[in-house]
Every structure is written in C-alpha cells, then in structure tokens.
Amino acid sequence: MQNNKRLTALDLTIGSIFIALMTVGANITSIAPFMVIGGVPITLQTFFAILTGLILGSRLGAISMLVYMLLGLAGAPIFAQFKGGASTLISPTFGFIVSFIVIAYVAGKLIEKKQSFSMYITAALIAMVINYLLGANWMYAAYMFWFDAPEGFSYQLVWYWLAVPLPKDIVLSIGAGIFAHRLEKSFISKSMFRNQHNQNAA
C-alpha cells in the first residue's frame, strides 16, 4: 500500500469545515466584550483546534490550522473579536494562534499512535497544556519587548490572567477528547476517510 501525500478534494473540504468552526469559536463571545480578560478573549478556539487534530490527524489538522492563521494574517477577520491582518503578528495573544498549529499536530500524532479512550483524553489535555505554555510565553515576551505592559506586569500576572479561562479549557479539552473518540467509534472520522483514500491509492 502506498501513502498518497497529496491533499484530495475531500481533505480540502473537511479542512475548510474546521477552519470555519475555528472562526465561529474565535468570535462566539464577541457580543460580550466583558469576557476579554487581560487582553485574552474567552473563546472556543482551543477546543476546536484540539478537535481538529484529534479528528483530522496530525498532517491535515496542522495544515488546516496553518491555513486558518494565514487567512487571518492576510486580512480575513477570522481571529478573536473579528480581527485580522499582518499587525496581529505583534499582538500579545498571537502565540495562541501559532499554538493551534502545534496542538493540532501533537493531538493528531498521539492519536495516530494509539486510539484508546484514555489516549483521546490525554492527547487533548497535553495539547491544551502546549496551548497555554506557548500562549503565555509569547504574551510575556510581547509585553516585555514590544508592547506597553500594564503597571506591575510580571510573568506571574500572565498566569493569573490565564487562570480565568483555564477551568473552561480543561472541561472543553476533555469534552473534545470524548467527542472525537465517539466519532471514531461511530466511524465518522478522518481516519475512516484516510483509510479509504489509502486503499484507493494502493
């Protein structure tokens, strides 16, 4: 059996669906500005980024999140609070956007090695930790080197800010793992499409 590395029309269609879900998740709280804590919008992006990796796999999941990022940087208003454009690169929260590519890849790679219920939950939580680590360190660097930091700013303050959405993201990450596992068990997942594609390419 040969592995076809090219993206198919089915891959592109499924990837586009998850890019659209990321856009919705990024802006689901835009009607509630008070839910922006310390410059960090309370969104569903982490949930959908993890779900993308768990369902689409490491390769297509990471590519989908990369396209999401590039579309936003090109000016499409698909980031949190309907923001977009190259200026987002210097935003204190851009590290979270970069992390979506990484966590989709990591979550997908872990599931490709073992597709048990516990692995789905573990992969989702590991991905969430990576999301927070990359996001927190980017934010700290941004405020230290190129953004005006608020009075009394410190690395500890960054984590105080992130403690607000953390419980929500823990619950949603576990939920993403459960949901993706149920999809896998019911054969409505990217792995099924991947197997069909490989058989056709053999």
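Here is what the cut-offs are and how they apply
- Residues numbered from 1 in each chain as written.
- Predicted model: local features only at pLDDT ≥ 70, side-chain atom pairs only at ≥ 80, totals over all residues.
- Heavy atoms only, no water.
- Core = buried A, V, L, I, M, F, W, Y, C linked by side-chain atoms within 4.5 Å.
- Buried < 20%, exposed > 50% of the residue type's maximum accessible area, 1.4 Å probe, protein only.
- Helix = DSSP H or I, 4+ residues; strand = E, 2+ residues; numbered from the N terminus.
- Contact = heavy atoms within 4.5 Å.
- Axes fitted to C-alpha atoms, helices over the stretch in contact; angles between N-to-C directions.
- Parallel < 35°, antiparallel > 145°, perpendicular 65-115°, else oblique.
- Left-handed = near helix turned anticlockwise from the far one by under 90°.
- Nonpolar A, V, L, I, M, F, W, Y, C, P; charged D, E, K, R; others polar.
- pLDDT = per-residue confidence, 0-100.

1. So, the nonpolar core
As a rule of thumb, soluble globular proteins bury nonpolar side chains together. Among the nonpolar cores identified, the biggest contains 47 residues, and Ile-50, Leu-51, Leu-54, Tyr-68 and Phe-100 are the most heavily contacted of them. Only helix H1 (9-27), helix H2 (45-56), helix H3 (58-73), helix H4 (94-113), helix H5 (117-145), helix H6 (155-162) and helix H7 (166-185) provide two or more residues apiece to this core. Per-element accounting of this core gives the leading share, 10 residues, to H5. Non-local contacts of Leu-54, meaning those with residues more than four positions away in its chain, are made with Ala-107, Gly-108, Ile-111, Tyr-120, Ala-123, Ala-124, Ala-176, Gly-177 and Ala-180.

2. Focus: the environment of Phe-48
Its place among the elements puts Phe-48 in helix H2. On the basis of relative accessibility, which here comes to 13%, the residue Phe-48 falls in the buried class. For Phe-48 and Val-24, which are 24 residues apart along the polypeptide, the C-alpha to C-alpha distance reads 9.5 Å. Setting aside anything within four residues of it in sequence, one finds Phe-48 in contact with Leu-21, Met-22 and Gly-25.

3. Things to note about the packing of H1 against H2
With their axes 8 Å apart at the nearest point, H1 and H2 run at an angle of 165° to one another. Regarding the angle of H1 to H2, the classification is roughly antiparallel. Read as a crossing pair, H1 and H2 show a hand that is right-handed. Residues Ile-14, Gly-15, Phe-18, Leu-21, Met-22, Gly-25 and Ala-26 of H1 touch H2, and the partners they reach there are Gln-45, Phe-48, Ala-49, Leu-51, Thr-52, Ile-55 and Leu-56. Looking at the contact of H1 with H2 residue by residue, the classes come out as 10 nonpolar, 4 polar and no charged.

4. So, the confidence of the model for the protein
Mean pLDDT over the protein: 85, with 84% of residues reaching 70 or higher. Counted against residues more than four places away or in other chains, residues 193-202, with its pLDDT under 50, gives 16 contacts.

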